[in-house]
Amino acid sequence: MNTILRKSILGIAGLAFTGGVFAGPVAAHAADTTHAVKPVSVTVQGDKLIPHGVQGNQSHIDLNDEQTKNVKAIIAATKKASMDERAAVVSIATALQESKLENLGHLGDRNDHDSQGLFQQRPSSGWGTVEQITDPEYSTTAFLKGLKQVDGWQDMPLTKAAQTVQVSAYPDHYAQWEQQAADLVAEHWNK
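Residues numbered from 1 in each chain as written. Predicted model: local features only at pLDDT ≥ 70, side-chain atom pairs only at ≥ 80, totals over all residues. Heavy atoms only, no water.

A. Region of the structure containing the packing of aromatic side chains. Within the structure shown, the criterion is met by one aromatic pair. Considering the side-chain rings of Phe119 and Phe143, the 5.0 Å spacing of their centres and the 15 degrees angle between planes classify their relative orientation as stacked. With Phe119 in the loop between helix H3 (85–99) and helix H4 (130–133) and Phe143 in helix H5 (residues 136–148), the pair connects residues that are 24 residues apart, well separated along the chain. On the accessibility criterion, Phe143 (0% relative accessible area) is buried. (Phe/Tyr/Trp six-rings, centres within 6.5 Å; stacked < 30°, edge-to-face > 60°. Helix = DSSP H or I, 4+ residues; strand = E, 2+ residues; numbered from the N terminus. Buried < 20%, exposed > 50% of the residue type's maximum accessible area, 1.4 Å probe, protein only.)

So this is what it looks like as structure tokens:
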């Protein structure tokens, strides 16, 4: 079966399965600026950034200066780790889901255990100290270290690769950010 046909069939199956249920949780303190974007079957970035096509409806948020700075920090850490653009897409999509690219400190009663930073990593789970996991370079490097340990992550759909590292209660929610993450990598990778 040719690659385009196989990807189209898998994309349609993914859409049927998910039924558009992706509506990731938003931090209680943040304004919800998320809006759905119609899924695309073929991406302008091609196989390098989105090798499997996107799964399900895509979400998009408008980024402020801090969020854009965090995108650039994730890309810089990815390059420093000698990983490629796809690793940056997985990282940014994960951070979009976990924190909307905001470097979150402890949120008190609204906190998920002791999760903090861009990736909502937990000191009690061995991700590092609070100071470390709230440092964008450190937290990205820690995420990428976990990603490198996932056998065949490059050949997995984004949501499976991210979930294998993150072990989220909402494993399918990462998929909704793939297109925006790919667009951000395409925009900032060579800057």
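B. Geometry of the environment of Ser99. Relative to the helices and strands, Ser99 is located in helix H3. The class for Ser99 is buried, based on a relative accessible area of 4%. In this structure, Ser99 is in contact with Leu104, Gly117 and Leu118, ignoring residues within four places of it in sequence. (Contact = heavy atoms within 4.5 Å.)

C. Local environment of the nonpolar core. Formed by 40 residues in total, the largest nonpolar core has its most connected members in Val90, Ile92, Leu101, Leu147 and Trp153. A per-element tally of this core places H3 first, with eight residues. Residues in contact with Leu147, not counting those within four places in the same chain, are Met83, Ala87, Val90, Trp153, Ala161 and Val165. (Core = buried A, V, L, I, M, F, W, Y, C linked by side-chain atoms within 4.5 Å.)

D. Here's a closer look at the packing of H3 against H5. Interaxial distance between H3 and H5 falls to 11 Å at its minimum, and their mutual angle equals 120 degrees. With respect to H5, the element H3 is oriented oblique. Considering only the axes of H3 and H5, their crossing is right-handed. Here Ala87, Val90, Ser91 and Thr94 of H3 come into contact with H5, specifically with Phe143, Leu144 and Leu147. Per-class residue counts for the contact of H3 with H5 are five nonpolar, two polar and no charged. (Axes fitted to C-alpha atoms, helices over the stretch in contact; angles between N-to-C directions. Parallel < 35°, antiparallel > 145°, perpendicular 65-115°, else oblique. Left-handed = near helix turned anticlockwise from the far one by under 90°. Nonpolar A, V, L, I, M, F, W, Y, C, P; charged D, E, K, R; others polar.)

Geometric values such as these leave the question of function open.
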